[in-house]
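One-letter residues, chain by chain:
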Amino acid sequence: MERDTADERTDTMDATERVRDYICRCEEISRADVAEAIREGNVTLNDVKRRTRAGMGVCQGIFCLRAVGLMIEAQTGTPANSLEPMTARPPARLVTLGSLAALNPETGP
Amino acid sequence: MRQVDVAVVGGGPAGIAAAIASAEIGASTILIDEHANIGGQLRWRIGLTLKDTGGLDVEPGPGLVVADALAGRLSQFDNLTILTGTVAWGLFDDNVIGISNDSEADEIKPDSVILATGSTDIALPFPGWTLPGVMTARAAQTFMHVHRVLPGRTWVILGDGEEADELQGDLERAGVDVIARSANPDDIRASGTNRLTHVEIGADVYEADALAIALGRQPDAELALHAQAKSAFVSDLGGFTVHRDESGRTSEPGVFIAGDAAGIGSLGEVIAEGRLAGLSAAGASATSLDAARKTLEEISSDRRKNAIANLWTIGTGV
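On a predicted model such as this, the values are computed, not experimentally measured, just so you know.

(A) Fine view of the overall build of chain B. Helix and strand content of chain B: 9 helices and 20 strands. Expected size for 318 residues packed as a compact globule is a radius of gyration near 20 Å; at 20 Å, chain B falls within 12% of this value. The principal-axis extent of the C-alpha atoms belonging to chain B is close to 60 × 40 × 40 Å. For chain B, buried positions account for 55% of its 318 residues. In chain B, the proportion of contacts linking residues at least 24 apart, taken out of those at least 6 apart, comes to 65%.

(B) Just the pairing of strand 6 (residues 87–91) of chain B, in detail. Taken across its 5 residues, strand 6 of chain B has 5 buried, putting it largely inside the fold. Where strand 6 of chain B folds back on strand 7 (residues 97–100) of chain B, the antiparallel hairpin that results is connected by 5 residues, among which Asp94 of chain B adopts a positive phi of roughly 60°.

(C) Representation of helix 9 (residues 302–311) of chain B within the structure. Residue and element names in this part refer to chain B. Considered for burial, the residues of helix 9 that qualify are Ala307, Ile308 and Leu311. Across the axial projection of helix 9, the buried residues extend over an arc of 95°, all falling on one side. Turned more than 90 degrees away from the buried face of helix 9 sit Asp302, Asn306 and Ala309, all of them exposed. Elements in contact with the buried residues of helix 9: strand 18 (231–234) and strand 19 (239–242).

(D) Structural view of the interface of chain A and chain B. At the junction of the two partners, chain A supplies 31 residues and chain B supplies 33 residues. Among the secondary structure elements, those contributing two or more residues to the side of chain A that touches chain B are strand 1 (22–24), helix 5 (65–76) and helix 6 (97–101) of chain A. In terms of residue class, the side of chain A that touches chain B is made up of 17 nonpolar, 6 polar and 8 charged.

Definitions and limits used
Residues numbered from 1 in each chain as written. Chains lettered and ligands numbered in written order. Predicted model: local features only at pLDDT ≥ 70, side-chain atom pairs only at ≥ 80, totals over all residues. Helix = DSSP H or I, 4+ residues; strand = E, 2+ residues; numbered from the N terminus. Rg over C-alpha atoms; globule rule 2.2 N^0.38 Å. Buried ≥ 20, exposed ≤ 12 C-beta atoms within 10 Å, placed from the backbone. Contact = placed C-beta atoms within 7 Å. Pairing = 2+ DSSP bridges. Arc of directions from axis to C-beta. Nonpolar A, V, L, I, M, F, W, Y, C, P; charged D, E, K, R; others polar.

This is how it looks when you write it as structure tokens:
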């Protein structure tokens with residue numbers, strides 16, 4: 001899939017729009033943030049996640065993973081479908097600290 | 001910590017089929033679902049009609065009717081526990097599952113776990129996609145069919161596949177206007193102050209209060225990745241897909257995956273797969289397994305069969 005580079009895309013936006021052009025809506029990481037991280041040499045999904053926090057939020061990356069992959073493809077030439085998924089870590093859903101604190105530490109996960 | 005023979009995560013068509021199959025042959029079984037009512041996509045994809053029952057003993061018919069019938073079937077098993085309103089938030093060593101509802105957490109220690117966690121809508125970001133009024137097709141369907149709320153009057157749809165057609169049908173039946181459709185996420189922009197008021201597609205500007213992202217669905221296999229099951233990107237199955245055989249066995253012992261979570265499929269396909277995974281996980285006889293395999297074979301499209309057969313030959317991420 002052909003996609004504009006972040007630079008071409010953001011040229012036509014005003015400053016506010018540019019900042020709010022989120023790739024990762026959970027952590028409020030903009031297209032420009034991700035593009036900058038890739039330019040710095042973060043060229044895997046996990047690299048970008050660690051550098052920017054994209055994919056570390058409530059949805060755990062299921063919404064931004066493709067977009068980040070396509071940006072890596074556009075900027076580096078590495079096909080997005082050859083990238084490994086971001087490392088998945090618990091919790092997969094929202095859990096209250098209170099309910100976890102009540103677990104028995106001897107038998108808990 | 002609860003001990004059980006088989007735990008099924010996800011109470012959609014695949015998970016229900018798996019739980020029934022497991023309980024039928026006497027395995028102690030737990031079915032976990034995060035929603036208030038089991039049924040999964042049968043409850044928000046109101047246009048779905050069950051034609052192929054995938055070996056499940058239920059009358060074909062509209063999805064919602066089938067969901068209620070299946071809920072009735074499930075309640076007949078003494079060896080089956082259903083936990084609704086409960087999330088499975090982690091899959092740990094020895095297949096221990098962390099679960100939680102609003103007030104408390106617990107762990108389940110199953111001999112086998114079947115992940116039937118379904119799908120998530122594919123979203124590709126574009127300028128303005130986080131404005132209120134912009135939502136995925138699933139969100140629009142959940143608003144309308146589960147919560148009985150019409151989230152917009154004048155709609156634009158992003159997408160040109162089956163999901164977009166399905167949503168357009170739902171919206172038109174609800175009596176609202178779909179004024180434009182675009183297939184290209186690189187050529188769309190949403191704008192408005194505090195909420196969506198305008199959608200630009202190329203040089204055209206539309207006044208709209210709702211924009212649905214209907215680019216298709218992708219497997220939601222996060223728990224399998226907790227267990228470090230191998231996966232690869234397979235376009236024909238919707239995205240990152242866990243390596244598994246036709247019975248749903250992943251690379252990790254005792255971890256099965258079935259239904260849309262294992263690759264987006266038709267209703268008949270996901271039910272037949274769920275049933276086969278349930279029988280396999282519960283240790284059914286070779287005769288029952290063969291019968292379930294035959295049913296799945298008959299229902300599966302060649303495209304799905306090929307994609308699954310190739311999964312074990314694709315290296316992780318290659």
